[in-house]
Amino acid sequence: MDKHEYKQFSALKKKMRLVVCTHNKLAKNDFSADALAYVKRDGKANACYKVYTSEFCGGHSFWMHEIGHILLGHLNFEDKTNSQVFNKLMGTWKSFSKYISFTPENENQTMLSLINLLKNYAMDMEVNSKIFDKDEEAFLIEDMNQAMYKKLSYIVKNRLEGWSEINRRLERFNYQKRHNSKAILVTPLFAENYNFPRGLSWRQYIDLIILAPDMVMPQICEKLRTEQEEFIEKTAKLPAEVIIKAAKNQDMVLAEVLSAGKRKGKGSGKGFGKTCSFVIHKLGPEVRSFITERALDKTEDSRTDYLYLANRGKSDGILRGKSVEHSDYTPGNIYVIVDTSGSVEMERFAQLLGLFSEIKSSVGQQSKVIFWDTDLQRIDSLCDGINAIPLGRGTDIAPAISYTAGRFCSENDKIFIISDYYDCLDKWLTEVKKIRCSCYGICWTENREKVSYIDKEDFYAFCREVETLFVEL
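Residues numbered from 1 in each chain as written. Predicted model: local features only at pLDDT ≥ 70, side-chain atom pairs only at ≥ 80, totals over all residues. Heavy atoms only, no water.

Of regular secondary structure, the protein possesses 16 helices and 14 strands. In the protein, of all internal contacts separated by at least 6 residues, the share reaching a separation of at least 24 is 73%. (Helix = DSSP H or I, 4+ residues; strand = E, 2+ residues; numbered from the N terminus. Contact = heavy atoms within 4.5 Å.)

Given below as structure tokens:
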């Protein structure tokens, strides 16, 4: 067998008959992707894909690797998976962030970039352990290093941007190669390099990375230092720019809605619908007023009291009707869905829920607080009191909306969703449109100056339909 005729190559070609995919060659001077090969979905609404490989790439290894991402479903539900990894990372962010040098202003961007980087690492581990056999790893390393050497040599020869630093890197490599025939420029990601078992899913690799940041992060930092030396400062930590550059090819949309949505009301143009303003409120009168005015649905009507005797005491005994104004509160129930995945100070979170406890005597006796992460955690009666807030991991609130509406709600009830909105908001909106009662949102911002969302279109669509208040916890 020729060393580059991988064992699974024929099987992959057969599986690709079920996938709509095009293979495109990147020109030598096309460094927009800053990658030797990559794959992307050709549109969000279909199962079509585009695989790109550079002219520097030879053999089948790059094509097989990118096809592996397609067949293993790595391009599906990107918004949801980003949100899930975000929620997992939040709980151990301090253990990761100590290896990275960043300013408070770019901390959020650094975290989102690291999420994409970790996803890439985990997905590459899955592909390289499932698409290539253990004894084929040397062939993959050889193909990658030959392609990388051609690419870097082309940059130096044509004196493209950064050629001077790259030339020094090649000189060091050539010196090492003369003394060690096994010297390499770049190493593919193999699970065993991080002491992980082969053959796991990328989600399992993410969990292993999250559990062992002090074991994984030094290796990640060293790898990035090698590949992105032009950004490295003489510090012990890795600059945030390296993390951001390494993950820049991912489709991560940051909707800076605080600066984009200052205007109040529906306004003109695109508008933001029922969300009056993106101004972030601290816990206080504005938040209490938002909850009270919407939870206590005050109604007024005019009725005729036909038992009112207008001529009381007169001899004709005629009964005359009279319109009497009535004003009362509809004793509907409120159902508060609480996303328990975020890492928020529990004391502040409890204060927010305390605002609902303040009005428990003015709402229906069946009012409930529903704690949810990816599934139901607990249901507390609002009237009996809220117990300790449970801690969750992932986020999938759409089923919580469906569960609450289907099991509890009538037309006079109200639903409140408390979350950081890092979830599939299009699915939230689908469920909200099915319910008969009113629905409101309270989005916590975790002390961020700007509210950033993975998919701004879904975010805007949800806020046009569901009135949302932003609260700093």
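As a packed pair, helix H5 (residues 107-130) and helix H8 (residues 202-211) sit with axes 8 Å apart at the nearest point and diverge in direction by 125°. By the angle between their axes, H5 is oblique relative to H8. Viewed along their axes, H5 and H8 form a crossing whose handedness is right-handed. Here Leu118, Lys119, Ala122, Met123, Met125, Glu126 and Ser129 of H5 lie close against H8, whose contacting residues are Trp202, Tyr205, Ile206 and Ile209. Residues of the contact of H5 with H8, tallied by class, amount to eight nonpolar, one polar and two charged. (Axes fitted to C-alpha atoms, helices over the stretch in contact; angles between N-to-C directions. Parallel < 35°, antiparallel > 145°, perpendicular 65-115°, else oblique. Left-handed = near helix turned anticlockwise from the far one by under 90°. Nonpolar A, V, L, I, M, F, W, Y, C, P; charged D, E, K, R; others polar.)

Below, the discussion takes up the sheet that holds strand S6 (residues 280-282). Pairing is mixed in the open sheet, where seven strands are placed in the order S6-S14-S13-S12-S9-S10-S11. Whereas interior strands pair on both sides, the edge strands pair on one side only; in this sheet they are S6 and strand S11 (376-381). Going from strand to strand, the sheet's axes swing by 25° on average, the running direction of each strand aside. Alignment of strand S10 (residues 368-372) against S11, held across five bridges, turns out to be antiparallel. (Pairing = 2+ DSSP bridges.)

Here we come to the pattern of salt bridges. In total, this model carries 16 salt bridges according to the counting rule given. Two residues, Glu137 and Lys134, come together in a salt bridge whose shortest N-O distance is 3.7 Å. Judged by relative accessible area, which is 10%, Glu137 ranks as buried. Between Lys434 and Glu431 there is a salt bridge, with its nearest N and O atoms 3.5 Å apart. Since its relative accessible area comes to 16%, Glu431 is described here as buried. Through salt bridges with shared partners, a single network forms among Lys134, Glu137, Glu192 and Arg198. (Salt bridge = Lys/Arg side-chain N within 4 Å of Asp/Glu carboxyl O. Buried < 20%, exposed > 50% of the residue type's maximum accessible area, 1.4 Å probe, protein only.)

Right, let's talk about the pairing of S10 for a bit. Of all five residues in S10, five are buried; the element is thus mostly enclosed. Neither face of S10 is exposed, since Lys368, Ile370 and Trp372 on one face and Val369 and Phe371 on the opposite face are all buried. Note: strand S9 (residues 334-339) against S10, five bridges, orientation parallel. Across the sheet, residue Val338 finds its bridge partner in S10, namely Phe371.

What follows is about unusual backbone geometry. Here Arg159, not a glycine, exhibits a phi torsion of approximately 50°, which is positive. With respect to the element layout, Arg159 can be found in the loop between helix H6 (137-157) and helix H7 (163-179). The phi dihedral of Asn195 falls on the positive side, at around 65°, and the residue is not glycine. Mapped onto the secondary structure, Asn195 falls in the loop between H7 and H8. With a relative accessible area of 62%, Asn195 lands in the exposed category.

Glancing now at the pairing of strand S13 (residues 438-444). Burial of S13 is extensive: six of the seven residues sit out of reach of the surface. Following the backbone out of strand S12 (residues 414-419), through helix H15 (residues 425-432) and into the adjacent parallel S13, one traces a crossover that is right-handed. Examined bridge by bridge, S13 and strand S14 (residues 467-472) share five bridges and lie parallel to one another. Looking across to S14, one finds that Tyr440 is bridged to Glu467. (Right-handed = clockwise from strand over helix to strand, strands pointing away.)

It is worth spelling out the confidence of the model for the protein at this point. Residue-level pLDDT values for the protein average 80, and 79% of them are 70 or greater. For the stretch residues 250-271, pLDDT sits under 50, and the model shows 52 contacts to residues farther than four places along the chain or on other chains. Between residues 299-306, whose pLDDT stays under 50, and residues either more than four places distant or in other chains, the model counts 21 contacts. (pLDDT = per-residue confidence, 0-100.)

We now examine the packing of aromatic side chains. Each pair of aromatic rings is reported with the distance of its centres and the angle of its planes. Considering all chains together, one arrives at 22 aromatic pairs under this definition. Taken together, a centroid distance of 5.1 Å and an interplanar angle of 75° make the contact between Tyr6 and Phe132 edge-to-face. Of this pair, Tyr6 sits in the segment before helix H1 (9-15) while Phe132 is found in the loop between H5 and H6, placing the two residues 126 residues apart along the sequence. As far as burial versus exposure is concerned, Tyr6 and Phe132 are alike and both buried. With 5.4 Å between their ring centres and 80° between their planes, Trp428 and Phe462 make a pair best called edge-to-face. (Phe/Tyr/Trp six-rings, centres within 6.5 Å; stacked < 30°, edge-to-face > 60°.)

Read from one edge of the open sheet, three strands run S1-S3-S2, paired in mixed fashion. If you trace the sheet from one side to the other, it starts and ends with strand S1 (20-26) and strand S2 (37-41), each paired once. The sheet shows a mean angle of 20° between the axes of neighbouring strands, direction not considered. Relative to strand S3 (residues 48-54), S1 runs parallel, the two sharing seven bridges. Across the sheet, residue His23 finds its bridge partner in S3, namely Val51. Packing of helix H2 (residues 61-71) onto the sheet brings it into contact with S1, S2 and S3, and relative to S3 it is tilted by some 155°.

This next bit is on the nonpolar core. Core analysis: the largest hydrophobic core is formed by 40 residues, its most contacted members being Leu89, Phe96, Leu114, Leu117, Ile220 and Leu224. If you list the elements that add at least two residues to this core, you get helix H3 (78-90), helix H4 (93-97), H5, H8, helix H9 (213-227) and helix H10 (240-247). Per element, the largest residue contribution to this core is ten residues, and it comes from H5. Dropping the residues within four chain positions of it, Ile220 is found in contact with Leu117, Leu118, Tyr121 and Tyr194. (Core = buried A, V, L, I, M, F, W, Y, C linked by side-chain atoms within 4.5 Å.)

A few words now on the environment of His60. Among the secondary structure elements, His60 is positioned in the loop between S3 and H2. For the pair His60 and Glu5, spaced 55 residues apart in sequence, the C-alpha separation works out to 7.6 Å.

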